[in-house]
Amino acid sequence: MLQAVTEMMEGVGPTARQQDVLDAVLRLLVEEGDRLTMTAVARRASCSKETLYKWFGDRDGLLTATVQWQASKVRVQPVDRKGLDLVSLTSSLERFASDWLRVISSDTSIALNRVAVVHAGSDKRDLGAIVLERGRFALGRRLKPVLDAGREAGLLEFDDAETAFRTFFGLVARDVQIRLLLGDRLELTEAGIDGDAVRATQQFLALHGAKTGPKAP
């Protein structure tokens, strides 16, 4: 059933009605944390439990779809591998960085990650694994092709895309996520997030930008 959920999320995506359900799950996670139940979701989303089981299989399937739905809000701007230049590469990285900062600083992501951390310290490790696989690892799989395209165009220099991705991730996140998880009430404005995204991208390009200029066509 988890495979079916993955195919739903990565194929045509959830329907508008399914999106309503997933948004209800996110709100309940903020309010109730790990006490979330299929009954509570059905009540909040005004749908039957039978429908939830049909769409998502079980609670793990529902949580998997919820994590993927939240991660899908981080957009990876497509790049033209043949005509890629520094402007379009920079724009793609900045968009990814600003979207990711908005997602991880939201109340829903903070609640989701707090529940995942609690699971990691117990015998219930399912949500932690889901958050890693459908969140951070999935984002890596989506952004690394952009980094590889930048390297192929002679705009970036690195030996390993995963290492370069971790560097970019660290520059974007800094200590923001851990501070939010620990209850620090950071004031992250829209302008501040966009500024942080630009700054992180410029720092990444300073580290991994090609020193010899782009390759000749």
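Here, every reference points to the structure presented above.
Residues numbered from 1 in each chain as written. Predicted model: local features only at pLDDT ≥ 70, side-chain atom pairs only at ≥ 80, totals over all residues. Heavy atoms only, no water.

Caption draft 1: Geometry of the overall build of the chain. Secondary structure summary: the chain contains 11 helices and zero strands in total. Mapped in sequence order, the helices and strands of the chain form the string α-α-α-α-α-α-α-α-α-α-α. Going through the 217 residues of the chain one by one, you find that 45% of them count as buried. Counting only contacts in the chain whose residues sit at least 6 apart along the sequence, the fraction spanning at least 24 positions is 73%. Within the structure as shown, the chain displays about 11200 Å² of accessible surface, and the carbon and sulfur contribution to it stands at 54%. (Helix = DSSP H or I, 4+ residues; strand = E, 2+ residues; numbered from the N terminus. Buried < 20%, exposed > 50% of the residue type's maximum accessible area, 1.4 Å probe, protein only. Contact = heavy atoms within 4.5 Å. Areas by Shrake-Rupley, 256 points an atom, 1.4 Å probe, with all protein chains shown as cover.)

Caption draft 2: Geometry of helix α9 (residues 161–173). In this model α9 runs 18 Å from its N-terminal to its C-terminal C-alpha over 13 residues, within 8% of the 18 Å that 1.5 Å per residue would give. Listed in full, the buried residues belonging to α9 are A161, A164, F165, F168, F169, L171, V172 and A173. Two or three places before E162, at the start of α9, stands the capping residue D160, its side-chain oxygen 3.3 Å from that residue's backbone nitrogen. R174 lies just past α9 and shows a positive phi near 50°. (Expected span 1.5 Å × (residues − 1). Polar contact = N/O pair within 3.5 Å; in protein donor to acceptor, adjacent residues only side chain to side chain.)

Caption draft 3: Spatial organisation of the pattern of salt bridges. The tally for this structure, following the rule as stated, stands at 14 salt bridges. Ionic pairing is found between E190 and R102, a salt bridge with its closest N-O pair at 2.7 Å. Of this pair, E190 sits in helix α11 (residues 190–208) while R102 is found in helix α6 (residues 86–104), placing the two residues 88 residues apart along the sequence. For the salt bridge of R179 with D175, the shortest nitrogen-to-oxygen distance reads 3.8 Å. Within the structure, one salt-bridge network assembled from shared partners comprises R136, K144, E162 and R166. (Salt bridge = Lys/Arg side-chain N within 4 Å of Asp/Glu carboxyl O.)

Caption draft 4: Region of interest: the packing of aromatic side chains. Under the counting rule described, the total for this entry stands at six aromatic pairs. Here the aromatic rings of W55 and F56 are separated by 6.1 Å at their centres, their planes lie at 85°, and the arrangement is edge-to-face. Ring geometry for F168 against F204: centres 5.2 Å apart, planes inclined by 65°, an arrangement best described as edge-to-face. In this pair, F168 sits in helix α9 while F204 sits in helix α11, placing the two residues 36 residues apart along the sequence. (Phe/Tyr/Trp six-rings, centres within 6.5 Å; stacked < 30°, edge-to-face > 60°.)

Caption draft 5: Representation of unusual backbone geometry in the model. Of note, the phi angle at S46 is positive, near 55°, even though the residue is not glycine. On the secondary structure map, S46 appears in the loop between α3 (38–45) and α4 (49–56). You will see that R174, though not glycine, has its phi angle at about 50°, which is positive. For R174, a relative accessible area of 47% puts it in the partly exposed group.

Caption draft 6: Structural detail: the nonpolar core. L93, F96, W100, L143, L147, F168 and F204 are the most contacted members of the largest nonpolar core, which totals 32 residues. Going through the elements one at a time, α6, α8 (126–152), α9 and α11 are the ones with two or more residues in this core. Residue contacts for F168: discarding those within four places in its chain leaves L93, F96, A97, L143, A200, T201 and F204. Of all hydrophobic cores here, the second largest spans 28 residues; its members include A24, M38, A40 and L127. (Core = buried A, V, L, I, M, F, W, Y, C linked by side-chain atoms within 4.5 Å.)

Caption draft 7: Highlighting the packing of helix α2 (residues 16–32) against helix α7 (residues 107–120). Close contact between α2 and α7 brings their axes to 8 Å; oriented N to C, the two are set at 65°. The crossing of α2 and α7 is left-handed. Packed against α2, whose contacting residues are L26, L29 and V30, the element α7 presents D107, T108, A111, L112 and V115 at the interface. (Axes fitted to C-alpha atoms, helices over the stretch in contact; angles between N-to-C directions. Left-handed = near helix turned anticlockwise from the far one by under 90°.)

Any functional reading would require information that these geometric values do not contain.
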